[in-house]
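Coordinates in review
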Amino acid sequence: MNLALAIAVYASISKELGLPLRFPGKPGAYDRLLEMTDAGLLARATVWAATEPRCANQAFNITNGDLFRWNEMWPFIADYFGLEVAPSLPLSLDTVMADKAPLWRAMGERQGLASHDWSEVSSWRFADFVFSWDYDMFGDGSKARRFGFHEHVETKAMFTRLFDDFRRRRIISGML
């Protein structure tokens with residue numbers, strides 16, 4: 001369930017096909033408020049909750065701490081990949097990407113990418129699920145702050161860091 005990797009692969013495939021980056025979610029999802037959770041932040045919060053005595057038998061929402069809308073984030077992501085943004089087009093990535101494994105293999109060979117099976121880099125059903133949220137989706141992280149966990153991650157910086165890491169590890173191309 002790695003949304004950042006699904007976005008990176010979707011953008012890479014779009015670039016390979018000469019297509020602009022289209023938000024594939026439900027109508028309305030492009031304009032709703034969302035929060036993300038960085039895996040590193042969640043790991044640090046888990047250690048904190050497990051080692052802070054006041055956290056015993058408590059549940060916490062852990063999110064990055066900022067809200068965004070895809071209509072603001074999507075152009076940022078498209079720019080990272082050197083793509084134009086086109087109007088949203090509701091579609092199932094699980095369906096649209098189902099036949100792209102051969103293209104992915106060919107891209108990997110031509111661009112010298114690390115060998116990853118299509119199933120290792122594609123969580124299309126999860127992406128479809130997240131992109132279908134046509135309602136505001138955020139959790140209240142104030143309880144964790146009241147208990148002493150004050151870390152946060154800026155979501156644009158998170159996406160940039162993750163995309164850069166995918167490039168460094170040659171999962172996606174470093175070419176723009």
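Above this note sits the structure.
In this report, the structure presented in the accompanying data block is examined.

About the cut-offs
- Residues numbered from 1 in each chain as written.
- Predicted model: local features only at pLDDT ≥ 70, side-chain atom pairs only at ≥ 80, totals over all residues.
- Heavy atoms only, no water.
- Core = buried A, V, L, I, M, F, W, Y, C linked by side-chain atoms within 4.5 Å.
- Buried < 20%, exposed > 50% of the residue type's maximum accessible area, 1.4 Å probe, protein only.
- Helix = DSSP H or I, 4+ residues; strand = E, 2+ residues; numbered from the N terminus.
- Contact = heavy atoms within 4.5 Å.
- Axes fitted to C-alpha atoms, helices over the stretch in contact; angles between N-to-C directions.
- Parallel < 35°, antiparallel > 145°, perpendicular 65-115°, else oblique.
- Left-handed = near helix turned anticlockwise from the far one by under 90°.
- Nonpolar A, V, L, I, M, F, W, Y, C, P; charged D, E, K, R; others polar.
- Salt bridge = Lys/Arg side-chain N within 4 Å of Asp/Glu carboxyl O.
- Phe/Tyr/Trp six-rings, centres within 6.5 Å; stacked < 30°, edge-to-face > 60°.
- Lys NZ or Arg CZ within 6 Å of the ring centre and 35° of its normal.

1. With respect to the nonpolar core
Core analysis: the biggest nonpolar cluster contains 54 residues, and Trp70, Trp74 and Phe163 have the highest contact counts within it. Of all the elements in the fold, those that place two or more residues in this core are helix 1 (3–16), helix 2 (39–51), helix 3 (70–80), helix 5 (101–111), helix 6 (118–121), helix 7 (124–131), helix 8 (142–147) and helix 9 (155–168). If you tally residues by element for this core, the top one is helix 1, at ten residues. The contact partners of Trp74, leaving out residues within four places of it in the chain, are Ile7, Tyr10, Leu21, Arg22, Phe23, Pro24, Tyr30, Val85 and Phe131.

2. Here we look at the packing of helix 1 against helix 3
Close contact between helix 1 and helix 3 brings their axes to 12 Å; oriented N to C, the two are set at 55°. Between helix 1 and helix 3, the crossing angle belongs to the class labelled oblique. Note on packing geometry: the crossing formed by helix 1 with helix 3 is right-handed. Of helix 3, the residues touching helix 1 (which contributes Leu3, Ile7 and Tyr10) are Trp70, Trp74 and Ile77. Its residues assigned to classes, the contact of helix 1 with helix 3 comprises six nonpolar, no polar and no charged.

3. Points about the pattern of salt bridges
Under the definition given, this model contains eight salt bridges. Between Asp165 and Arg168 there is a salt bridge whose closest N-O contact spans 2.4 Å. Taken together, the residues Asp165 and Arg168, both in helix 9 and three residues apart, mark about one turn of the helix. Residue Arg169 is joined to Asp165 by a salt bridge in which the shortest nitrogen-to-oxygen separation is 3.0 Å. Its relative accessible area of 41% is what places Arg169 among the partly exposed residues. Among the charged side chains, a network of salt bridges with common partners joins Asp165, Arg168 and Arg169.

4. Some remarks on the packing of helix 3 against helix 9
Packed helices, taken two at a time, are described by the angle their axes make and the gap between the axes. It is the contact of helix 3 with helix 9, at a shortest axis distance of 11 Å, that shows an interaxial angle of 30°. Judged by the angle between their axes, helix 3 and helix 9 are roughly parallel. When you trace helix 3 past helix 9, the crossing you get is right-handed. From helix 3, Trp70, Met73, Phe76, Ile77 and Tyr80 reach across to helix 9, where they touch Thr155, Lys156, Phe159, Thr160, Phe163, Asp164 and Arg167. For the contact of helix 3 with helix 9, the per-class residue count stands at seven nonpolar, two polar and three charged.

5. Section: the packing of aromatic side chains
All told, the structure shown has 20 aromatic pairs when counted by the stated rule. Plain terms: the ring middles of Trp70 and Phe131 are 5.3 Å apart, the flat faces sit at 75° to each other, and that makes the pair edge-to-face. Within this pair, whereas Trp70 is found in helix 3, its partner Phe131 is found in helix 7, the two being separated by 61 residues in sequence. Residue classification places Phe131 among the buried positions, given a relative accessible area of 2%. Measuring from ring centre to ring centre gives 6.4 Å for Trp70 and Phe159, while their planes differ by 45°; the resulting arrangement is tilted. One end of the pair, Trp70, is in helix 3; the other, Phe159, is in helix 9, and 89 residues separate them in sequence. Overall, the relative accessible area of 1% leaves Phe159 in the buried class. Members of the aromatic cluster, each reached through a chain of ring pairs, are Tyr10, Phe23, Tyr30, Phe68, Trp70, Trp74, Tyr80, Phe81, Phe131, Phe159 and Phe163. Seen from the ring of Phe60, Lys143 lies directly overhead, with NZ or CZ sitting 5.3 Å from the centre.

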